Amino acid sequence: MNKKPVILLVLDILSLVFLAVAAYLALSYAPMEATMGNVQKVFYFHVANAWVGMLGFISAGVAGIAYLRSGNPKWDIVEVAAVEISLVFFLIAILLGSIWARPAWNTWWTWEPRLTTAAITEMIYLAYFMLRNGIEDPNRRARFSAVYTLVGAVSVPITFMAIRLFRTIHPVVIGSQSAQAQGGFNMSPDMEVAFFFSLFTFTIIFADLFWHRIRLGNLANKTEELKLKVME
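Parameters and conventions
Per chain, the residues get numbers from 1 upward, laid out in the order the sequence is written. Whole-chain, interface and lining totals are the exception, using all residues; otherwise, since this is a predicted model, local features are given only for residues with pLDDT of at least 70 and side-chain atom pairs are given and counted only at 80 or more. Derived side-chain values reflect all non-hydrogen atoms in the structure, with water molecules and hydrogen atoms excluded from consideration. Helix numbering and strand numbering both begin at the N terminus, where a helix is a DSSP run of H or I of at least 4 residues and a strand a DSSP run of E of at least 2. Buried residues are those whose accessible area, probed at 1.4 Å on protein chains only, stays under 20% of the maximum for their type, while exposed residues exceed 50% and partly exposed ones sit between those limits. Here a residue-residue contact requires only that any non-hydrogen atoms of the pair lie within 4.5 Å. Axis definition: a line fitted to C-alpha atoms, over the contacting stretch in the case of helices. Angles run 0 to 180 degrees between N-to-C directions. Should an angle lie under 35 degrees it is considered roughly parallel, over 145 roughly antiparallel, and from 65 to 115 roughly perpendicular; all remaining angles are considered oblique. Throughout, a crossing is termed right-handed when the near helix is turned clockwise from the far one, and left-handed when it is turned anticlockwise from it by less than a right angle. All amino acids are sorted into three groups, where Ala, Val, Leu, Ile, Met, Phe, Trp, Tyr, Cys and Pro are nonpolar, Asp, Glu, Lys and Arg are charged, and the leftover types, Gly among them, are polar. Two rings from Phe, Tyr or Trp (for Trp, the six-membered ring) form a pair when their centres are within 6.5 Å of each other. A pair whose planes differ by under 30 degrees is stacked, one over 60 is edge-to-face, and the rest are tilted. As a reminder, the over-ring test applies to NZ of lysine and CZ of arginine, requiring each to be within 6 Å of the ring centre and within 35 degrees of the ring normal. Pairs of N or O atoms within 3.5 Å make up the polar contacts considered here, provided that, within protein, one atom can donate a hydrogen while the other can accept it, and that residues adjacent in sequence are counted only when both atoms are side-chain atoms. A patch consists of residues exposed above 30% relative accessible area that lack any salt bridge, with like charges linked at up to 9 Å and nonpolar side chains (Val, Leu, Ile, Met, Phe, Trp, Tyr) linked at up to 5 Å. Only the protein chains shown count as cover for residues, and the accessible areas themselves come from Shrake-Rupley with a 1.4 Å probe. The salt bridge criterion pairs a side-chain nitrogen of Lys or Arg with a carboxyl oxygen of Asp or Glu, the two atoms within 4 Å.

J.: What am I meant to see in the overall build of the protein here?
T.: In terms of regular secondary structure, the protein is built from seven helices and zero strands. Counting helices and strands in the order they occur from the N terminus, the protein gives α-α-α-α-α-α-α. Every one of the 232 residues in the protein was classed for burial, and the buried ones make up 43%. Taking contacts inside the protein between residues at least 6 apart in sequence as the whole, the part at least 24 apart equals 74%.

Here you go:
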């Protein structure tokens, strides 16, 4: 495998430093919310993880289009990397949301529009790997996967817009609040700093992990090619 690029090493370091700063801003710098108390601080990482999850799912859809247009297997590697990483981040977002929901809604889970669409999105991309595992031919697997990511990507904007399109108790923190929202709050300037820095930090972390996963995918492909040559 090629030596790790200097820029990737810098991203590794920045990811750790920024994560530490983001944790400080969320836990210490941002004031405690008057109604919900300390559990509100989960919000900063909850939204950041959800943002990265959706960013990766959209990236997978773009990679799927690129593969269908070019047939280049490198786009299949990019697609798999995006889905794999985003699946984990999105699951963490759902779990953090449940931690926040327990004191805010008095339940760990409720089938309101945002939570329901988020759960469906997570299951759609879990099924993506089931699809890949069920197809042996590499070209056919890549083609079917690319089409699947385009279909799956439709769930991302639906999940994002669910709290604006339907009656929901999920708060809209950025923008006008829904009358039915439970647990909503208005951010102070200090909260906004912690919030937007967390979004920025997790975007950097995503880019770092994405690059690492693509390099790992390239290595796996080369290994597979060597195995096929030995078997010939």
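That was the structure; now back to the text.
J.: Which parts of the structure should I look at to understand unusual backbone geometry?
T.: Comment: phi is negative for the bulk of residues other than glycine, and the bulk of peptide bonds are trans. Although it is not a glycine, Asn106 sits at a positive phi angle of roughly 65°. The topology assignment puts Asn106 in the loop between α3 (73–105) and α4 (113–133). Asn106 gets classed as exposed once you look at its relative accessible area, which sits at 62%.

J.: How should the environment of Glu192 be read in this particular structure?
T.: One can find Glu192 in helix α7 (residues 189–231). Look at Glu192 and you get partly exposed, because its relative accessible area is 36%. In this structure the C-alpha to C-alpha distance between Glu192 and Met54, which are 138 residues apart in sequence, comes to 21 Å.

J.: Is there a simple way to explain the packing of α3 against α4 in this structure?
T.: Packed helices, taken two at a time, are described by the angle their axes make and the gap between the axes. At a closest axis distance of 10 Å, the pairing of α3 and α4 adopts a crossing angle of 150°. The orientation of α3 with respect to α4, classified from their angle, is roughly antiparallel. The crossing of α3 and α4 is left-handed. Judged by residue contacts, Asp76, Glu79, Val80, Val83, Glu84, Leu87, Phe90, Leu91, Ile94 and Trp105 of α3 engage Leu115, Ala118, Ala119, Thr121, Glu122, Tyr125, Leu126, Tyr128, Phe129 and Arg132 from α4. Of the residues assigned to the contact of α3 with α4, the class counts are 14 nonpolar, one polar and five charged.

J.: Before we go on, may I ask you to explain the packing of aromatic side chains in this structure?
T.: How two aromatic rings sit relative to each other is set out by the distance from centre to centre and by the angle between their planes. For the structure shown, the criterion picks out 15 aromatic pairs. For the ring pair Phe57 and Phe90, a centre distance of 5.7 Å and an interplane angle of 70° mean the geometry is edge-to-face. With Phe57 in helix α2 (residues 42–70) and Phe90 in helix α3, this pair connects stretches of sequence that are 33 residues apart. Exposure remark for Phe90: the relative accessible area of 4% places this residue in the buried category. The rings of Phe43, Tyr44, Phe195 and Phe196 are connected pair by pair, giving a single aromatic cluster. Cation over ring: Arg140 sits above Phe144, and NZ or CZ is 4.8 Å from the ring centre.

J.: Help me understand the side chain of Ser155 in this model?
T.: Inspection of the secondary structure assignment puts Ser155 in helix α6 (residues 155–165). A distance of 3.3 Å separates polar atoms of two side chains, one belonging to Ser155 and the other to Thr121. Setting aside residues up to four positions removed in sequence, Ser155 forms contacts with Thr121, Ile124 and Tyr125.

J.: For this particular structure, what's the right way to read a nonpolar patch on the surface?
T.: On the surface, Ile65, Leu68, Val147, Leu150 and Val151 cluster together to form a nonpolar patch covering roughly 390 Å² of accessible area. Going through the elements one at a time, α2 and α5 (138–152) are the ones with two or more residues in the nonpolar patch. For the nonpolar patch, the leading source of residues is α5, giving three residues. Summarising the element assignment, Val151 is placed in helix α5. Since its relative accessible area comes to 58%, Val151 is described here as exposed.

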